[in-house]
Amino acid sequence: MKKQFNRMRQLANQTVGFLSVQVEKRLELVKQVSHSTHKKLTACLQGQQGVDVDKKSKKLPLTTLAQCMVEGAAVLGDESLLGKMLKLCGDTQERLAQELILFELTIERDVIEPLYDLAEVEIPNIQKQRKHLAKLVLDMDSARTRISYQQTCTVLWPKKLTMQATSRQ
């Protein structure tokens, strides 16, 4: 009966070890995917990441185009058809630039920052905690083994153990 129990315990330990390796591999894959996705998304942004709205607006090509159109409309005047068209297109272009900036800010806040936190903060913390847990489990198993050995020794040789304990003092 004890042999069967030990076999089952060994099988359970092997299964847990195998699952642990699979979880570790999966965790590493998630880290790689989130890191590469973060890099690609950051590269897709037209404005600079982490800069306030005014600075993004000034450096965005759509804003520059809108300003150029509005200035051209001012030069031509509101009487000409081309001037009216440039004014309308410039205003529309400015609104498009503002929408793009708001979209990019939302993407940064809702997607890019959480991906970065996942890849660079959360997953390393999980890996660190897993290693710490594995160490604690080994310590606990070692303590259990020592306690079991002491209990076995106490049952088999009670006088010998008490003599050793008194001789140490």
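Residues numbered from 1 in each chain as written. Predicted model: local features only at pLDDT ≥ 70, side-chain atom pairs only at ≥ 80, totals over all residues. Heavy atoms only, no water.

Draft legend 1. The pattern of salt bridges, seen in detail. Evaluated as defined, the whole model comprises five salt bridges. Of the charged contacts in the structure, one is a salt bridge between Arg-130 and Glu-24, with a shortest N-O distance of 3.1 Å. One end of the pair, Arg-130, is in helix H4 (residues 81-156); the other, Glu-24, is in helix H1 (residues 2-44), with 106 residues separating them in the sequence. Residue classification places Arg-130 among the partly exposed positions, given a relative accessible area of 26%. Put simply, Lys-87 and Asp-91 hold a salt bridge, and the shortest N to O gap is 3.7 Å. Of this pair, Lys-87 and Asp-91 both sit in helix H4, four residues apart, roughly one helical turn. Overall, the relative accessible area of 36% leaves Lys-87 in the partly exposed class. With a relative accessible area of 32%, Asp-91 lands in the partly exposed category. (Salt bridge = Lys/Arg side-chain N within 4 Å of Asp/Glu carboxyl O. Helix = DSSP H or I, 4+ residues; strand = E, 2+ residues; numbered from the N terminus. Buried < 20%, exposed > 50% of the residue type's maximum accessible area, 1.4 Å probe, protein only.)

Draft legend 2. Spotlight on the environment of Ser-57. Relative to the helices and strands, Ser-57 is located in helix H2 (residues 53-59). Accessibility expressed as a relative area gives 11% for Ser-57, which makes it buried. Sequence separation of Ser-57 and Ile-101 is 44 residues, and the distance between their C-alpha atoms is 7.1 Å.

Draft legend 3. Looking closely at a nonpolar patch on the surface. A contiguous nonpolar surface patch, about 260 Å² in accessible area, is contributed by Leu-76, Leu-82 and Met-85. Structurally, Leu-82 is set in helix H4. (Patch = residues over 30% accessible without salt bridge, like charges linked within 9 Å, V, L, I, M, F, W, Y side chains within 5 Å. Areas by Shrake-Rupley, 256 points an atom, 1.4 Å probe, with all protein chains shown as cover.)

Draft legend 4. Inspection of the side chain of Gln-93 at higher detail. The topology assignment puts Gln-93 in helix H4. When near neighbours in sequence (up to four residues on either side) are disregarded, Gln-93 contacts Leu-62, Leu-65 and Ala-66. (Contact = heavy atoms within 4.5 Å.)

Draft legend 5. Examining the environment of Pro-124 more closely. Take Pro-124: it is sitting in helix H4. Through-space distance from the C-alpha of Pro-124 to that of Leu-27 is 9.4 Å; in sequence the pair is 97 residues apart. Not counting chain neighbours up to four residues away, the residues in contact with Pro-124 comprise Lys-31, Leu-118 and Ala-119.

Nothing here speaks to function; it is geometry throughout.
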